[in-house]
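Take a look at the letters that make up each chain.
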Amino acid sequence: KDNKGNSDACATKPYSWQKWYYVMGGCYIAICLLTALQMEAMRAMTNTNTVKAQLYKTQEGRDADVEACERAGAASFRRGAKLAMCTMCTMCPVLIFAAVWSCIGIALYCNSSEEHEECNYFEAWWLGVTIGSLVFSCCASYCCRGVGGGALAFKTEMASVEM
């Protein structure tokens, strides 16, 4: 037994705080990597040629430009679409597992023995990690709410440029 809460009093069999933190850390790393891949997929799908084609579709007499831009941006769009499908098919089970593992964290928190001071270390960190991840998720979803709409912002910018 040490002073970091690794005693049996701080564990809910078969789980311990240490195991919970290692697995949850792995989940967070996987989610961050998959999110970065998803953002790359969105960037590839909203390439300049694809956005120009969308803009030209709104203008009359630009059918030849629409076709040329769609052909030029098609490979990047397909690559982005494939990457998006792969990352989302991977992200779903990771998120489900992380949600279930978070419930195990709640059970660990609720079942930790209050009479042992060494449990306070992990319990305090659990609260910090949980609150921190909720705040980060809210901020990230607020800041990145336009990632899929990035093409719209680019389209508006392109509309102001003479083509």
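Predicted model only: the values in this text are computed from it and were never measured.

### What to know about the packing of aromatic side chains
Thought 1: Within this structure, the stated rule accounts for two aromatic pairs.
Thought 2: Their ring planes at 85 degrees and their centres at 5.1 Å tell us that tryptophan 20 and tyrosine 21 sit as a pair that is edge-to-face. Accessibility classification places tryptophan 20 together with tyrosine 21 in one group, the buried group.
Thought 3: With a centroid separation of 5.8 Å and an interplanar angle of 15 degrees, the aromatic rings of phenylalanine 97 and tryptophan 101 are classed as stacked.

### Things to note about the nonpolar core
Thought 1: If you look at the biggest cluster of nonpolar residues, it comprises 15 residues, and the most contacted ones within it are Trp17, Trp20, Tyr21, Met24, Ile31, Trp101 and Trp126.
Thought 2: Elements with a contribution of two residues or more to this core: α1 (17-45), α3 (63-111) and α4 (119-143).
Thought 3: The element best represented in this core is α1, accounting for seven residues.
Thought 4: Beyond its immediate chain neighbours, meaning those up to four positions away, tryptophan 101 contacts Tyr15, Lys19, Trp20, Val23 and Met24.

### As for the pattern of salt bridges
Thought 1: For the structure shown, the criterion picks out four salt bridges.
Thought 2: Residue arginine 62 is joined to aspartate 65 by a salt bridge in which the shortest nitrogen-to-oxygen separation is 2.7 Å.
Thought 3: For arginine 62, a relative accessible area of 18% puts it in the buried group.
Thought 4: Aspartate 65 gets classed as partly exposed once you look at its relative accessible area, which sits at 31%.

Conventions used here
- Residues numbered from 1 in each chain as written.
- Predicted model: local features only at pLDDT ≥ 70, side-chain atom pairs only at ≥ 80, totals over all residues.
- Heavy atoms only, no water.
- Phe/Tyr/Trp six-rings, centres within 6.5 Å; stacked < 30°, edge-to-face > 60°.
- Buried < 20%, exposed > 50% of the residue type's maximum accessible area, 1.4 Å probe, protein only.
- Core = buried A, V, L, I, M, F, W, Y, C linked by side-chain atoms within 4.5 Å.
- Helix = DSSP H or I, 4+ residues; strand = E, 2+ residues; numbered from the N terminus.
- Contact = heavy atoms within 4.5 Å.
- Salt bridge = Lys/Arg side-chain N within 4 Å of Asp/Glu carboxyl O.

Distances and angles like these do not, on their own, reveal function.
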